[in-house]
Amino acid sequence: MEAAGFSYRSRRGLVHALGGMSLRAAPGEMVTVVGPSGCGKSTLLELVCGLRSPDAGRVQADPAVYMPQRDLLLPWSSALDNAALPLLVRGVRREQARARARPLFAELGLSGFETAMPHELSGGMRQRVAFLRTLLAAKPVLALDEPFAALDALTRAQAQAWLADALARQPRTVILVTHDVEEAVVLGDRVIVMSPRPGRDLAEVPVDLPRPRRRTDPAVVALRERALEALA
Amino acid sequence: MIRALMLAVLLLAGWEAYAQLSGIDDFILPAPTEVAAALYADRGVLWQNFQVTAAEVLLGIGVAVAAGVGCAVAIHLSATLRRTAYPLLVASQTIPIVIVAPLLVAWLGYDLAPKLAIVGLVCFFPVTVTTLDGLAGADPDLRKLMRTLDASRLQTFRRVEAPGALPALFSGARIAVAVAVIGAVLAEQAGSSDGLGHLILQAIPQFQTARAYAAVVVLSAFAIALFAGLRLAERRLLPWAHRSEGAVT
């Protein structure tokens, strides 16, 4: 994405969501994007996913799948069928789709919950099912929109751990948007700091630290401070 | 539930006391005990006519739900229809049904057809409106997700919008049930040789007011039973719609 700009009309007039935003992600790389709320982070993901086209600049991306902030599991479908939704949409037969989703349940510690309905799962588990659904879309790029914002601190730390783990097994190009600087540093290969609206890239913080990373690691803390400074 | 029953008993007692103590004529206001007596004495004729009315109501609701869902889906999927047909549907609800009913009877005949038309006409609109809201109520983020899964318009409809609209459809059907009984009675009074509406119309000039009230009791009980039946069916068929979402975290 180069110098992308995007404006839209709202009831309060023209909103410049993005202006001159640049972002580049190498295949298999995990880029985390932090910025103040309302800086156009969600618009950025919509551009990456091809849900909208930029008014200015250029967006070039491999097919991407969108993972919204809330899990948005279908309440009438079992966990397994929710995860298999992308396969079902593609026309894969139900039994076959389930057979392909099932092994992933074990990988994310969801064994035994295949037939559970979404309301029977905890928030963290629901988010894991939602992530499986994202993985099973089989797109090279994952666009994650504050995927753990709705979880409590403890569950969020666990969620970050399984996300890193799952991506180590099935590498994808990931654009993860968050307002949590610590999360951005713990998860990302690179952290992009965005300006307030109209959003553009202010700074880039490379994170050359081995995984798994601990939030209390002095190197993580130092990078977090750097990113916070860039934000302020 | 117990409180509701207590209130009903209290109201009935008040009615009984008024009817007994004020010396009002039986054929103007029968006491609840007289209505109960008529309910028992006339059970044969009530049952016979109830079957006619019940068939009209049930078939009419069937027509209304089919038409209501059909309209809602068509309007939901077509922006053109939303602009052109929706205002006409709204306009159809301003038709004074009391005046049109005899005309429909004259046109469609004395039997079931005009009753279904009238019940359908008064009942389809709540079904259309609630179902349409249900279809449009799908989460925008979920639509985005479906688009990045390359889902077609129809797949999004089938997998996300249609199941999500079922609870709304049931709400519409519950509203429809309440008005369906009124619609059927109205249709019978516009021209019929049987049914509870016809029975009421005949009973009043013959000073059999208690019988007319008994027929009203039967109609109300039927409407309540239908309403409760729908509730039960909804809980059975859509258990997911009755659980508070995300209660466990």
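Here is what the cut-offs are and how they apply
- Residues numbered from 1 in each chain as written.
- Chains lettered and ligands numbered in written order.
- Predicted model: local features only at pLDDT ≥ 70, side-chain atom pairs only at ≥ 80, totals over all residues.
- Helix = DSSP H or I, 4+ residues; strand = E, 2+ residues; numbered from the N terminus.
- Contact = placed C-beta atoms within 7 Å.
- Nonpolar A, V, L, I, M, F, W, Y, C, P; charged D, E, K, R; others polar.
- pLDDT = per-residue confidence, 0-100.
- Core = buried A, V, L, I, M, F, W, Y, C linked by C-beta atoms within 7 Å.
- Buried ≥ 20, exposed ≤ 12 C-beta atoms within 10 Å, placed from the backbone.
- Domains from an automatic or database assignment.

Caption draft 1: Structural context of unusual backbone geometry. Look at the link from Arg-197 of chain A to Pro-198 of chain A: it is a cis peptide, with omega at -5°. Here Arg-211 of chain A and Pro-212 of chain A are connected by a cis peptide whose omega angle stands at -5°. Here the phi dihedral of Ala-138 of chain A falls at roughly 55°; this positive angle occurs in a residue that is not glycine. Take Ala-138 of chain A: it is sitting in the loop between helix 5 (123-136) and strand 6 (141-145). Even without glycine at this site, Asp-150 of chain B takes up a positive phi of about 60°. Here Asp-150 of chain B is to be found in the loop between helix 7 (140-148) and helix 8 (153-190).

Caption draft 2: Highlighting the interface of chain A and chain B. Contacts between the two partners involve 18 residues from chain A and, on the opposite side, 20 residues from chain B. Sorting the residues of the side of chain A that touches chain B by element identifies strand 5 (64-67) and helix 3 (85-89) of chain A as the ones contributing at least two each. With three residues, strand 5 of chain A is the single largest residue contributor to the side of chain A that touches chain B. Grouping the amino acids of the side of chain A that touches chain B by side-chain chemistry returns 14 nonpolar, three polar and one charged.

Caption draft 3: Fine view of the confidence of the model for chain A. For chain A, the mean per-residue pLDDT works out to 87, and 94% of the residues sit at or above 70. Per-element mean pLDDT across chain A ranges from 56 in strand 1 (residues 2-10) of chain A up to 96 in helix 2 (residues 79-83) of chain A.

Caption draft 4: How the structure looks around the nonpolar core. Among the nonpolar cores identified, the biggest contains 71 residues, and Ala-143 and Ile-175 of chain A are the most heavily contacted of them. A total of seven residues in this core trace back to one element, the largest contributor, which is helix 5 of chain A. Here this core spans two domains, and each of domain 1 (2-63 + 139-231) and domain 2 (75-138) of chain A adds at least three residues to it. Excluding its chain neighbours within four sequence positions, the residues that come into contact with Ile-175 of chain A are Ala-25, Val-31, Val-33, Leu-45, Val-48, Val-141 and Ala-143 of chain A. Judged by nonpolar contacts, the second largest core, of 52 residues, contains Ile-61, Val-69, Val-129 and Ala-210 of chain B.

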